[in-house]
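So the chains spell out like this:
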Amino acid sequence: MEIAPHNHSRFVVALCILGVAAACYVSGRLGVHGPVGSGVASPLWPPPGVGLVALIVLGPRVWPGVAIGAMALALSPDATLPGVAGATIGATLTAVLGYLLLDAADFRPELPRLRDVLALVVLGGVAPTVVGATVVVGSLQVAGAPPADFGTTWLVEWIGGALGVLVIAPFLLMVRKFHWPRVFRLARWLEVTALFAVMVPVLVLSLQGEEQLLFITFPFVVWAAWRFQLAAATACVLVATMLAIYANSRGMGAFAFHSELSNIFTVQSFAAVTALTALVLSATIAARNEARAHVEEVAVQLASVVHQLDRRLRVRPRTDQAARSELGERDVVRQKTT
């Protein structure tokens, strides 16, 4: 895994920590109070994904930024000490544990292999958020939170944190490595523009209907993964998930006919399946393209070797013939002298 250099000054490290804290805080505010939030709980909790990417990119020394951001999010006039401590510890454990598990699995942030995608999903998202959700929900119960179903609350918290990694982390990793291409291909840019220009209106119209038509997003996800791999697929998943969460928070379309908890599980299921489809398909197609490029390169090298061998075989008979002619001339001279 890529780790930041260890020769940074304390001032730079402090700035990185403050930047991570601000990023976790802002993403958390968007998840709770912004248009992507929900009245009961956040279907998608962005800070775990932001914190994990911060540790991957900047190194493990910025973990205090995750803790500071989580503490700032937990502080409120009605907050209790156990609740604030649980939220801070839970968020920090989620990010640090996810980083350590990925580091042990030789994770590559560029997600070039299917195993890297699966490691991010399982080791970076599913496993660490189990610990974080348990600590957070348990601390709320200890702090005397209003009575609620512990299992349901824990499940929503866990899935929301895991989705924060599945949806947010791949997108941030792809944004990090984005660079302007050396060769500008107008057709490619027009195609990706058409992809989002068609997907967004279609999804918005489908969300306003009384029928649940979230599945209409999958052809666009497949299109993005097939043609542009992770770069466009992660953005497609993020846009579709945010639109679905927004529709849920406003009670649009089919979301108006079901309970808040049912809508949350619907959105979370949609986001999970969409993200997994995009990540796995993109990684598989990228691996196929890499294998095809390798085969083509080997074929070119083999053709070059065959061409050189053919030239040598054509030159050798001529050389042998010249040698035989020279020997014949020597024999004739020897016979004349004798």
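Quantities reported herein were computed from a predicted structural model and do not represent experimental measurements.

## Some words on the overall build of the protein chain
Working step 1: The number of helices and strands found in the protein chain is 10 helices and 0 strands.
Working step 2: Taken from N to C terminus, the helices and strands of the protein chain fall in the order α-α-α-α-α-α-α-α-α-α.
Working step 3: Out of the 338 residues belonging to the protein chain, those deemed buried represent 37%.
Working step 4: Of the contacts formed within the protein chain by residues at least 6 apart in sequence, a portion of 77% connects residues at least 24 apart.
Working step 5: A total of about 18500 Å² of accessible surface is found on the protein chain, and carbon and sulfur atoms cover 67% of it.

## Concerning the environment of Q229
Working step 1: Within the element layout of this structure, Q229 appears in the loop between helix 8 (218–228) and helix 9 (230–250).
Working step 2: Take Q229: its relative accessible area is 18%, and that puts it in the buried class.
Working step 3: In the structure, Q229 is positioned 51 residues away from V280 in sequence and 9.8 Å away in space, judged by C-alpha atoms.
Working step 4: Residues within four places of Q229 in sequence aside, it is in contact with A224, S282, I285, A286 and N289.

## Observations regarding the nonpolar core
Working step 1: Counting 60 residues, the largest nonpolar core has L52, L102, F107, L111, L120 and V167 as the members making the most contacts within it.
Working step 2: Top element by residues in this core is helix 9. It accounts for 10 residues.

## Some points on the packing of helix 5 (residues 114–142) against helix 6 (residues 150–176)
Working step 1: One way to put it is that helix 5 packs onto helix 6 with a least axis distance of 8 Å and a crossing angle of 145°. Considering how the two elements wind past one another, helix 5 and helix 6 form a crossing that is right-handed.
Working step 2: Residue composition of the contact of helix 5 with helix 6, grouped by class: 15 nonpolar, 8 polar and 1 charged.

## Structural notes on unusual backbone geometry
Excluding glycine, residues mostly carry a negative phi; peptide bonds, for their part, are mostly trans.
Working step 1: Although it is not a glycine, L111 sits at a positive phi angle of roughly 55°.
Working step 2: Secondary-structure assignment places L111 in the loop between helix 4 (81–104) and helix 5.
Working step 3: Overall, the relative accessible area of 2% leaves L111 in the buried class.
Working step 4: A positive phi angle is found at Q229, which is not glycine, with a value near 55°.

## Digging into the UniProt feature "transmembrane region" (unreviewed entry) in the protein chain
Working step 1: UniProt's entry tags residues 12–32, 44–63, 83–105, 117–143, 155–175, 187–208 and 228–249 with the feature "transmembrane region" (unreviewed entry), counted in the numbering of this structure.
Working step 2: Structurally, residues 44–63 comprises 65% helix and 0% strand, and the distance from its first C-alpha atom to its last is 22 Å.
Working step 3: Along residues 187–208 one finds 95% helix and 0% strand; the C-alpha atoms at either end are 32 Å apart.

## Structural notes on the side chain of T92
Working step 1: One can find T92 in helix 4.
Working step 2: Accessibility expressed as a relative area gives 13% for T92, which makes it buried.
Working step 3: Residues in contact with T92, not counting those within four places in the same chain, are W63, V66 and A67.

Procedures and definitions
- Residues numbered from 1 in each chain as written.
- Predicted model: local features only at pLDDT ≥ 70, side-chain atom pairs only at ≥ 80, totals over all residues.
- Heavy atoms only, no water.
- Helix = DSSP H or I, 4+ residues; strand = E, 2+ residues; numbered from the N terminus.
- Buried < 20%, exposed > 50% of the residue type's maximum accessible area, 1.4 Å probe, protein only.
- Contact = heavy atoms within 4.5 Å.
- Areas by Shrake-Rupley, 256 points an atom, 1.4 Å probe, with all protein chains shown as cover.
- Core = buried A, V, L, I, M, F, W, Y, C linked by side-chain atoms within 4.5 Å.
- Axes fitted to C-alpha atoms, helices over the stretch in contact; angles between N-to-C directions.
- Left-handed = near helix turned anticlockwise from the far one by under 90°.
- Nonpolar A, V, L, I, M, F, W, Y, C, P; charged D, E, K, R; others polar.
- UniProt positions renumbered as here; feature names shortened; annotations may be inferred.

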